[in-house]
Amino acid sequence: MTAGQPTTASVDRRSGDPLVALSVWLDNAQPGDILLVSFSLPRWWLPEVDEQALTAIYSKRRGLGFVCTVTDSDDIAASELVRRGLTAWAEHRQLPLFSPGSPLQLSPLSIPKPWGREIWFTGAEERGLCQFSDGRYSLPIPWVQALLPDQAAGAADAPLVLLKILDPAAPEVTGDLYFELHQEKREVYVVTHVDKRAWPDGVGGIRYGFDPQRLAAAASEETFRQDYLDAVKAYESVRREIDRLPEETAPDRQLQDEEQRLRKEMDNFTYMRELRVGDVVVVPLLMPHSLQHGVRTIEFQTPVYERQILSFAQKVLTQDHWDTAEAVAQMRLTPPEYDHFDVLFEKEGVMVEQIVDFPDFEVRRVSLSPGRSLELDCGDSYQLLMMVEGKALVGDAVLGPEQAALLPSGQRFFLGHGDAAEALVALVAKPHS
């Protein structure tokens, strides 16, 4: 080759497991070389699992590094890849590029609800599939997981810890969530906003278990459960009558009054816990709960879709029944005692609190005074970082309030300030292996 003549990148086409192909190809590849791997990804998040044909694309960088992307297109011309180079080719196709060891930004997905909306960051269900982003373009999370060695972003065949925002509407009743419990799903909420239109004094609420005075006055727990069940059944009968009306037909005044009376009698059994910005609510298994209208929260939860509905003051659209009798028989009546959080580290303007430690995941709250930073060690597992206050720099990502990223395993990241004059508050979740 003549001195000064540019090298020509090679394109290697393979099929099968992308990570197996990558491990074989990477050692002998030259900077600029490209690997294409055709593979099938099981779509485990669908009710009937099928397989999707994808192509992983890797480009060698100097040293041991590479960048990668993935596409469901079968229109990939090697000549175009060589001519443009992967960076320009991906830009032309509006595909993100990911580097191993860099934060993977999470693209929010809005899911409408009768009471408002959920904003998903890591969800993978038939209802929606969240995406990783490089800050410009994005791709479905399981697609990208399949590209990265050592399950650095979690396994492509299993869900991540579920991160979402609950954003209830402001009007009373309309914005109240289901009163429900879970047998498998554990949840933790962190309050980020209380709508002053709904709660002028800034103190919102969550219906959380049952009124301790009424419970203490009952002859027994069994009597209390039966009395509550009777109250819900009475309310459900009038709720069903209203739900059967044509959509454009409003209930008459007598029916409205009856609905309000019976709903009040039913709700009087429950306990309304006050919520302010910054409060944390831990929801263990079998704990009946209903976040109230106008109270916005960040939520981390076990990634399973299951619930038992005790009651709802609107028409339930996702199922044709309530689960009251089954739920009442097994529900917790009183909440666990959570008087404080464990402070894991506190020094010179840096505080790390463990706000919950469930069997399947834990969540920590990081508070940094202006100018302070903290090293996050993701040695054995990915971590999910959600900003609450301030603008943060982590790796090559810039995150503002209610923006999130996955920090891949095997890496260390410094969480620092985008604006040195402001404090930072962040939530960090880590799965337990």
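Given the structure is predicted, the values throughout are model-derived calculations rather than measurements.

Draft legend 1. Molecular detail of the sheet that holds strand S5 (residues 104-107). Across the sheet, nine strands lie side by side as S11-S10-S5-S28-S25-S30-S23-S22-S21; this open sheet has antiparallel pairing. Two strands bound the open sheet, and with one partner strand each, they are strand S11 (138-140) and strand S21 (342-347). Ignoring strand direction, the axes of neighbouring strands in this sheet form an average angle of 25 degrees.

Draft legend 2. Here's a closer look at the nonpolar core. Within the largest apolar cluster, 70 residues are counted, with the highest numbers of intra-cluster contacts made by Tyr58, Phe132, Leu163, Val188, Phe300, Val363 and Leu384. If one sorts the elements of this core by residue count, strand S2 (residues 34-42) sits on top with six residues. Discounting chain neighbours no more than four positions away, the residues touching Leu384 are Leu106, Thr122, Val161, Leu163, Phe300, Ala405, Leu406, Leu427, Val428 and Ala429. Membership of the second largest hydrophobic core comes to 43 residues, among which are Phe210, Val283, Leu310 and Phe312.

Draft legend 3. Focus on the pattern of salt bridges. One pass over the full model with this rule turns up 29 salt bridges. One salt bridge connects Arg84 with Glu80, and the closest N-O pair in it is separated by 3.1 Å. Taken together, the positions of Arg84 and Glu80, both in helix H2 (residues 78-84) and four residues apart, correspond to about one turn of that helix. For Arg84, a relative accessible area of 32% gives the class partly exposed. Note that Glu221 and Arg225 form a salt bridge whose closest N and O atoms lie 4.0 Å from each other. One end of the pair, Glu221, and the other, Arg225, are both in helix H6 (residues 221-243), four residues apart, so they sit about a helical turn from each other. Take Glu221: its relative accessible area is 43%, and that puts it in the partly exposed class. Of the residues examined, Arg225 reaches a relative accessible area of 17% and is grouped as buried. One connected set of salt bridges, linked through shared partners, spans Asp75, Glu80, Arg84 and Arg93.

So, how was this worked out
Residues numbered from 1 in each chain as written. Predicted model: local features only at pLDDT ≥ 70, side-chain atom pairs only at ≥ 80, totals over all residues. Heavy atoms only, no water. Pairing = 2+ DSSP bridges. Helix = DSSP H or I, 4+ residues; strand = E, 2+ residues; numbered from the N terminus. Axes fitted to C-alpha atoms, helices over the stretch in contact; angles between N-to-C directions. Core = buried A, V, L, I, M, F, W, Y, C linked by side-chain atoms within 4.5 Å. Buried < 20%, exposed > 50% of the residue type's maximum accessible area, 1.4 Å probe, protein only. Contact = heavy atoms within 4.5 Å. Salt bridge = Lys/Arg side-chain N within 4 Å of Asp/Glu carboxyl O.

Treat this as a map of the structure, not an account of what it does.
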